[in-house]
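Structure assessment
The residues making up each chain are set out below.
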Amino acid sequence: MKVAEITLALASTLDYFRLTAMVLQRFVSKSSAALSVDQLARELKAKSGDISDVCTCLATTGVIVLTPDFEHWSLSVDPAEVTLEEVWRAIGGIASVSGPDSDDCDNASVYKVDLLTSQAFLGLDQSIATHLRRFRLDTVQTSGRHFVRMSTTRKYEPDVDSVEAAYA
């Protein structure tokens, strides 16, 4: 993988993390309400398809659930317990990087490097999750400005003022 491809993959992961955090924060701030994908898309000025994907990922962690009418999502946990760790888990973190293929294991040195890399990624994933666990989403203040279009390769970029205000 070339450096440019790695940079693009990291930027894409960060953008997806931001969007997922914004969606989950909406559920936390409106914990008693069921929210539709279209409503979230309007509020966040994002594509409905992207919001639908995010909701599906969040549902896999159990933090939100689909309502019986199959048209809305609602928070399924105590809003005071929701942290950025749930966002990290929903997007798969970096621990979802697959280990070495069995075909590559014929070469012992390649296997050892892949094993060490996998162990390093698992350690990083645990460190990131532990750090993100400290940031509760019920303490984040919402802002009317969230995302600014950057280019076709990077979907979302948070507005600096709203990020600073969110953690003030």
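Notes on the structure in this doc start here. (Residues numbered from 1 in each chain as written. Predicted model: local features only at pLDDT ≥ 70, side-chain atom pairs only at ≥ 80, totals over all residues. Heavy atoms only, no water.)

What about the overall build of the protein chain?
Of the regular secondary structure elements, the protein chain holds six helices and two strands. Going residue by residue from the N terminus, the α and β elements of the protein chain occur as α-α-α-β-β-α-α-α. Within the protein chain, buried positions represent 31% of all 168 residues. Sequence-distant contacts in the protein chain: of pairs separated by 6 or more residues, those separated by 24 or more amount to 65%. Per element, the accessible surface of the protein chain, about 10,100 Å² overall, is 57% carbon and sulfur. (Helix = DSSP H or I, 4+ residues; strand = E, 2+ residues; numbered from the N terminus. Buried < 20%, exposed > 50% of the residue type's maximum accessible area, 1.4 Å probe, protein only. Contact = heavy atoms within 4.5 Å. Areas by Shrake-Rupley, 256 points an atom, 1.4 Å probe, with all protein chains shown as cover.)

What about the environment of Cys57?
Tracing the backbone through its elements, the reader meets Cys57 in helix α3 (residues 48-60). Separated by 37 residues in the primary sequence, Cys57 and Thr20 have C-alpha atoms spaced 8.7 Å apart. Setting aside residues up to four positions removed in sequence, Cys57 forms contacts with Tyr16 and Ala90.

Points about the pattern of salt bridges
One pass over the full model with this rule turns up seven salt bridges. Across the salt bridge formed by Asp15 and Arg18, the nearest N and O atoms sit 2.8 Å from each other. Pair noted here: Asp15 and Arg18 are both in helix α1 (residues 3-29), with a separation of three residues, about one helical turn. Take Arg18: its relative accessible area is 22%, and that puts it in the partly exposed class. (Salt bridge = Lys/Arg side-chain N within 4 Å of Asp/Glu carboxyl O.)

Brief notes about the side chain of Ser36
Topologically, Ser36 is positioned in the loop between α1 and α2 (37-44). Residue Ser36 is classed as buried on the basis of its relative accessible area of 15%. Of the polar contacts made by the side chain of Ser36, one reaches the backbone nitrogen of Gln39; its length is 3.0 Å. Aside from chain neighbours lying at most four places away, what touches Ser36 is Glu71 and His72. (Polar contact = N/O pair within 3.5 Å; in protein donor to acceptor, adjacent residues only side chain to side chain.)

Brief notes about the nonpolar core
One broad rule of soluble globular proteins: the nonpolar side chains tend to lie buried together. Within the largest apolar cluster, 31 residues are counted, with the highest numbers of intra-cluster contacts made by Val23, Leu24, Phe27, Ile51 and Ile64. Mapped by element, the contributors of at least two residues to this core are α1, α2, α3, β2 (73-75), α4 (84-90) and α5 (108-132). Excluding its chain neighbours within four sequence positions, the residues that come into contact with Phe27 are Leu35, Leu40, Cys55, Ile64, Trp73, Ser74 and Leu75. (Core = buried A, V, L, I, M, F, W, Y, C linked by side-chain atoms within 4.5 Å.)

Interpretation note: all reported values are geometric properties and have no functional meaning in isolation.
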